[in-house]
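Now for the letters of each chain:
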Amino acid sequence: MSEVLSLLRTLAAVDENRQKLAGRIADLSSEEERLRARLAQAEGDFARRKEEHRQLRLTALERAAQADATDAKIREYQRKLEQEIVPYKEMEFLREQVGILRAQLDQLSEEALRLMEAVEEDAKNLVRDEQSYRERRALLEGEIQAIGRKREALRHEQEAWETQRKGILAQLSPVLRQHYERLKEKVPNPVAYVNGLSCGGCHLRLSAATLLKLQEGREVVTCEHCSRFLVLP
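Calculation notes
- Residues numbered from 1 in each chain as written.
- Predicted model: local features only at pLDDT ≥ 70, side-chain atom pairs only at ≥ 80, totals over all residues.
- Heavy atoms only, no water.
- Helix = DSSP H or I, 4+ residues; strand = E, 2+ residues; numbered from the N terminus.
- Contact = heavy atoms within 4.5 Å.
- Expected span 1.5 Å × (residues − 1).
- Buried < 20%, exposed > 50% of the residue type's maximum accessible area, 1.4 Å probe, protein only.
- Arc of directions from axis to C-beta.
- Salt bridge = Lys/Arg side-chain N within 4 Å of Asp/Glu carboxyl O.
- Phe/Tyr/Trp six-rings, centres within 6.5 Å; stacked < 30°, edge-to-face > 60°.

Q: So what about the environment of Leu94? Which residues, and what values?
A: Take Leu94: it is sitting in helix α2 (residues 88–171). Once residues within four sequence positions are removed from consideration, Leu94 is found in contact with Tyr77, Lys80 and Leu81.

Q: Lay out helix α3 (residues 174–186) in plain terms, naming residues and giving numbers.
A: For the α-helix, the turn length of 3.6 residues means that residues three or four positions removed from each other point alike. With 13 residues, α3 extends 19 Å from end C-alpha to end C-alpha; this agrees with the ideal 18 Å at 1.5 Å per step. By the burial criterion, the buried members of α3 are Leu176, His179, Tyr180 and Leu183. Buried residues of α3 fall within an arc of 100° about the axis and therefore sit on the same side. Elements that come into contact with the buried residues of α3 comprise α1 (2–83), α2, β1 (191–195) and β3 (229–231).

Q: Pulling in residues and values, what's your account of the pattern of salt bridges?
A: What the rule picks out here adds up to 22 salt bridges. When the shortest N-O distance is used, the salt bridge between Arg75 and Asp71 registers 2.9 Å. Of this pair, Arg75 and Asp71 both sit in helix α1, 4 residues apart, which is roughly one turn of the helix. Residue classification places Arg75 among the exposed positions, given a relative accessible area of 58%. Here Arg218 makes a salt bridge to Glu216, at a shortest N to O gap of 2.7 Å. Where salt bridges share partners, they join Asp15, Arg18, Glu162, Arg165 and Glu181 into one cluster.

Q: Describe in detail the packing of aromatic side chains, supporting the description with residues and values.
A: Considering all chains together, one arrives at 1 aromatic pair under this definition. Taken together, a centroid distance of 4.5 Å and an interplanar angle of 5° make the contact between Phe46 and Tyr133 stacked. Here Tyr133 lies in helix α2 and Phe46 lies in helix α1, a separation of 87 residues in the sequence. On the basis of relative accessibility, which here comes to 8%, the residue Phe46 falls in the buried class.

These results come straight from atomic positions and should not be treated as a statement about function.
Structural data, given as structure tokens:
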């Protein structure tokens with residue numbers, strides 16, 4: 001009978017280790033999810049950073065194109081004024097437009113120059129930002145890979161415990177095996193040590209008959225309250 005109790009105690013210890021491993025694996029998976037979320041955020045932040053730079057460059061090119069178009073329009077009006085015979089009213093209109101367009105050209109040229117300088121400066125900053133992003137990404141990916149290796153090692157350990165568990169269950173009688181498995185579905189500790197006069201699982205007082213059976217050690221004894229297997233400390 002002591003051999004059966006030893007198997008039950010060993011089985012309970014194996015299940016406790018399995019439960020701890022499952023918790024550690026779950027913690028690693030949660031940590032990996034958090035790291036992947038941070039990685040996705042870093043990728044999104046850098047994507048937005050590149051888009052900001054692209055929009056700044058497009059704005060600068062647009063202003064430069066507007067300045068070129070305005071300059072071309074001024075040249076066209078000047079050519080008409082200098083080379084073509086136009087009515088007086090149209091001549092006055094063209095001269096007025098040239099004045100307006102030159103003012104616009106000065107503003108557009110100044111803005112285009114300012115924007116191009118901003119683009120150049122931002123391009124330098126973007127290089128630094130990209131370097132920081134790549135370093136951050138490499139760090140997070142390294143942490144994710146490390147977690148993957150830890151989890152894989154724990155899963156191998158878990159498989160070893162599973163193999164040991166199957167071996168122990170195979171040595172128990174079908175009745176004891178079924179009773180243990182039913183208990184395992186309900187409580188985390190199917191095997192409980194007697195604590196004084198009480199069950200160490202449900203903490204209820206045991207009957208004198210149950211305590212006597214335990215002391216005699218001739219049979220496997222279960223708690224009359226929670227049905228856990230009982231062992232003496």
